[in-house]
Every structure is written in structure tokens, then in C-alpha cells.
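Structural overview for review
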Amino acid sequence: MEKRMTLQMNTPQSAINSIMTTIRTMTGSMQAPMEWLRTYYSHCIGKEINMSQTWLITRTQMAFILAAFTTCPLLMRVAFAAWFLLALLRCKKEI
């Protein structure tokens, strides 16, 4: 009884394809929390929003947290408050 075995040779192209597949898988895994946030924000707002609008809302919330709850020098808190106001105006315009 003969056993035949074929060995595949790893070519540079197959290695690149393997790396690209790994990167796509990791990217998809990292985007899952933002996708959950997008669906949550869409539910709260009452209309479907896209990923860039989700990032806008997230940055606005971050600016608010930094402006309201940090214990940093006054000048930095003013800068965070200005960032919050600009982010809020941008959210109002785009959403």
C-alpha cells in the first residue's frame, strides 16, 4: 500500500496572504466594540448612524469627561472645555 504525500512550498505570496488574513481578523475583532457602540447610539438616538458619527459621539464624551472630571491645571481644563464645545457643535451639525 503506497502512501503519497504532497508538500506545499511556502511562497512569499502565500506568506503575505497569511499575514493579510491575520490582520483582517484582528481588525474585525478590534472593531466589534465600536460596532456595539454604534448600535447602542443608534438605539438611543432613534435613527441609524454610521461609524464616523459613532467616533464623533465617543470623542465628545471623552472631551466632556476630561473637562469635567480631571484634576489638572485650569488652562488644560479650559482647553478640554473648548474641545468639548467644538465636538458638541460638530455632532449637532453632522448628526
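Throughout what follows, the structure given in this document is the object of discussion. Source: prediction; values computed, not measured.

A word on the overall build of the protein chain. Along its length, the protein chain carries 3 helices and 0 strands. In terms of overall size, the protein chain is more extended than a compact globule, its C-alpha atoms giving a radius of gyration of 23 Å where 95 residues would be expected to give roughly 12 Å. For the C-alpha atoms alone, the extent of the protein chain along its principal axes is close to 80 × 35 × 20 Å. When burial is assessed residue by residue, the protein chain has 17% of its 95 residues classed as buried. Across the protein chain, every contact between residues at least 6 apart in sequence was considered, and the portion connecting residues at least 24 apart equals 32%. Here the protein chain displays about 8,000 Å² of accessible surface, and carbon together with sulfur accounts for 67% of that area. The distance from the centre of the 10 positive side-chain charges to the centre of the 4 negative ones in the protein chain is 10 Å.

Looking at the element boundaries, T25 is found in helix α1 (residues 12-45). Counting along the chain gives 53 residues from T25 to V78, while the straight-line C-alpha distance between them is 41 Å. One polar contact links the side chain of T25 to the main-chain carbonyl oxygen of T21, over a distance of 2.9 Å.

What follows is about the packing of helix α2 (residues 51-69) against helix α3 (residues 74-94). In contact at an axis separation of 8 Å, α2 and α3 are set at 155° when each is read in the N-to-C sense. The angle between α2 and α3 places the two elements in the roughly antiparallel class. Considering the relative orientation of α2 and α3, their crossing is left-handed. Contact residues: α2 offers Q53, L56, I57, R59, T60, M62, A63, F64, L66, A67 and A68, while α3 offers R77, F80, A81, W83, F84, A87, L88, R90, C91 and E94. Residues belonging to the contact of α2 with α3 are distributed by class as follows: 15 nonpolar, 2 polar and 4 charged.

All right, on to a nonpolar patch on the surface then. A contiguous nonpolar surface patch, about 510 Å² in accessible area, is contributed by M62, F64, I65, F69 and W83. Per-element tally for the nonpolar patch: the top contributor is α2, with 4 residues. Looking at the secondary structure, you find I65 in helix α2. Of the residues examined, I65 reaches a relative accessible area of 42% and is grouped as partly exposed.

Our next topic: the packing of aromatic side chains. Scanning the entire structure with this criterion turns up 3 aromatic pairs. Judged by centre distance (5.9 Å) and plane angle (50°), the ring pair of Y40 and Y41 falls under tilted. By way of ring pairs, the aromatic residues F64, F69 and F84 are connected into one cluster.

Each value, and the rule that gives it
Residues numbered from 1 in each chain as written. Predicted model: local features only at pLDDT ≥ 70, side-chain atom pairs only at ≥ 80, totals over all residues. Heavy atoms only, no water. Helix = DSSP H or I, 4+ residues; strand = E, 2+ residues; numbered from the N terminus. Rg over C-alpha atoms; globule rule 2.2 N^0.38 Å. Buried < 20%, exposed > 50% of the residue type's maximum accessible area, 1.4 Å probe, protein only. Contact = heavy atoms within 4.5 Å. Areas by Shrake-Rupley, 256 points an atom, 1.4 Å probe, with all protein chains shown as cover. Lys, Arg positive; Asp, Glu negative; His and termini not counted. Charge placed at Lys NZ, Arg CZ, Asp CG, Glu CD. Polar contact = N/O pair within 3.5 Å; in protein donor to acceptor, adjacent residues only side chain to side chain. Axes fitted to C-alpha atoms, helices over the stretch in contact; angles between N-to-C directions. Parallel < 35°, antiparallel > 145°, perpendicular 65-115°, else oblique. Left-handed = near helix turned anticlockwise from the far one by under 90°. Nonpolar A, V, L, I, M, F, W, Y, C, P; charged D, E, K, R; others polar. Patch = residues over 30% accessible without salt bridge, like charges linked within 9 Å, V, L, I, M, F, W, Y side chains within 5 Å. Salt bridge = Lys/Arg side-chain N within 4 Å of Asp/Glu carboxyl O. Phe/Tyr/Trp six-rings, centres within 6.5 Å; stacked < 30°, edge-to-face > 60°.

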